[in-house]
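Analysis of the macromolecular model
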Amino acid sequence: MHRLEKSYGPVAAVRGMMRKLGLDRTLQGRTQVERRVRDLIEAMIIQRIIAPGSKLAFHRALAPETATSSLAQSVDLEQVAEREVYTALDWLIEQQPRIEAALARKHLVDGTLVLYDVSSSYMEGRCCPLARYGHTRDHRADRPQIVYGLLCATDGTPVAIEVFEGDTADPQTIREQVDKLRRRFRLSHVAIVGDRGMVTSARIAEELKPAGLDWISCLRAPQIAALAEDQGPLQMCLFDERDLAEITSPDFPGERLIACRNPTLAAERARKREALLQATERKLERIAAAVARKSAKYDAAAIGLAVGAVIDKHKMKKHFALEIADGRFAFQRCENEIVAEARLDGIYVVRTSLPADKIGTEQAVAAYKSLALVERAFRTLKGVDMQVRPIH
């Protein structure tokens, strides 16, 4: 029987890095049974990194007849039953609080910043009690999903993860993170860095302030527009000499607001808006031409349905004035609204409760931008690196 050639380098490299990071000590295992389970978990981590696949694929990777690497010999697991793999995962879930607490002690301290963001992955199958239809980030509205929130240290190191039902709104996940930071990790004072859809004014008032936690986030577009109204604190002259300016507003008491302008982002938003406007116009023109031909009688309801589909697709409703009647359809751009929106292109406003002696202006903006590290972690989990999407 022909024996498959086995690779040794990838397993040795990943295992060496796990030792360097102390992950083997974090997993632990006091009894002989627990040590075997720990070895199984370590083997699953290695296999997930070098060749992501299902648990059945992992079991085959350990079997002498189908192994293509030295994984089984490296962890001394050449005889493993399929049920042991799932038993090991049950053990890992039980150990999650202890493992996360160990990671928190290593990477988080009082007075530090904590990055937090959420993502989701769609499901294949019907047996997950958390699977729900919700806001999909995978563009798979036809599949149920789960939502998960990831806490990271300021350098992007993942510390803790929490799984939620698939229809859970982003802000609703904050409460569990506050409880985790205060009760499980015993951190009395940290600042949560989250995006504008997560750290909302409601969550600040109901969750963060009562817990004594600080925050760094960003204002939503309507809030920025309100600040930029006539005689408002956000005026374009603030950016005459630099692209950062601190402002205050009675609508955000006790907070520092840092207005930022990114010319590159402004140009990209202007380009994208014009492209969407033109795409919408082309489709609306086709509808108008069909109505004008009157080869068939179009009533207002039928025209409205066709126009609504176009407007909803490109999210341009606010930028067009529509006239719909039986047998008649006309449209035009709302130039004043377009100009008003373009005025704020490339401008965003960071909000934080941290005083200036705790974090400077540039440092606060850099902290908000560091959420890109959490997004990178999500890409690693979901993409070609670890392939946890879809979840079966």
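What comes next concerns the included structure.

**What about the pairing of strand S5 (residues 214-218)?**
- S5 sits mainly inside the fold: five of its five residues count as buried.
- Along S5, one buried face is formed by Asp-214, Ile-216 and Cys-218 and the opposite face, lined by Trp-215 and Ser-217, is buried too.
- Pairing analysis gives three bridges linking strand S4 (residues 191-193) to S5, with the strands arranged parallel. Residue pairing for S5: Ala-191 is matched across the bridge by Asp-214.
- Read from S4 through helix H8 (residues 201-211) to S5, the crossover connection turns out right-handed.
- Note: S5 against strand S10 (residues 347-352), three bridges, orientation antiparallel. Bridge pairing in S10 places Ile-216 opposite Thr-352.

**Concerning the state of the cysteines**
- Summed over the entire model, instances satisfying the criterion amount to zero disulfides.
- Between Cys-218, a cysteine without a disulfide, and Cys-260, which holds the nearest cysteine sulfur, the sulfur-to-sulfur distance is 7.4 Å.
- Relative accessible area serves as the criterion here: at 2%, Cys-218 is assigned to the buried category.
- Between Cys-237, a free cysteine, and Cys-260, which holds the nearest cysteine sulfur, the sulfur-to-sulfur gap is 16 Å.

**Comments concerning the packing of helix H1 (residues 9-21) against helix H3 (residues 32-50)**
- Closest axis-to-axis distance for the H1/H3 pair is 10 Å, and the angle between their directions is 125°. The angle between H1 and H3 places the two elements in the oblique class. The element H1 and its partner H3 pack so that their crossing is right-handed. Facing Pro-10, Val-11, Val-14, Arg-15, Met-18 and Arg-19 of H1, the residues of H3 in contact are Glu-42, Ile-45, Ile-46, Ile-49 and Ile-50.

**Quick look at the packing of aromatic side chains**
- Under the criterion given, the structure shown has three aromatic pairs.
- With a centroid separation of 6.1 Å and an interplanar angle of 65°, the aromatic rings of Phe-320 and Phe-331 are classed as edge-to-face. Residue Phe-320 is found in strand S8 (residues 320-325), and its partner Phe-331 is found in strand S9 (residues 328-333); the two are separated by 11 residues along the sequence.
- On the basis of relative accessible area, Phe-331 is assigned to the partly exposed category, the value being 22%.
- Three or more aromatic residues link up through ring pairs in this structure, and these residues are Phe-320, Phe-329 and Phe-331.
- Lying over the aromatic face of Tyr-122, Arg-140 brings its terminal NZ or CZ to 4.9 Å of the ring centre.

About the criteria used
- Residues numbered from 1 in each chain as written.
- Predicted model: local features only at pLDDT ≥ 70, side-chain atom pairs only at ≥ 80, totals over all residues.
- Heavy atoms only, no water.
- Buried < 20%, exposed > 50% of the residue type's maximum accessible area, 1.4 Å probe, protein only.
- Helix = DSSP H or I, 4+ residues; strand = E, 2+ residues; numbered from the N terminus.
- Pairing = 2+ DSSP bridges.
- Right-handed = clockwise from strand over helix to strand, strands pointing away.
- Disulfide = S-S within 2.5 Å.
- Axes fitted to C-alpha atoms, helices over the stretch in contact; angles between N-to-C directions.
- Parallel < 35°, antiparallel > 145°, perpendicular 65-115°, else oblique.
- Left-handed = near helix turned anticlockwise from the far one by under 90°.
- Contact = heavy atoms within 4.5 Å.
- Phe/Tyr/Trp six-rings, centres within 6.5 Å; stacked < 30°, edge-to-face > 60°.
- Lys NZ or Arg CZ within 6 Å of the ring centre and 35° of its normal.

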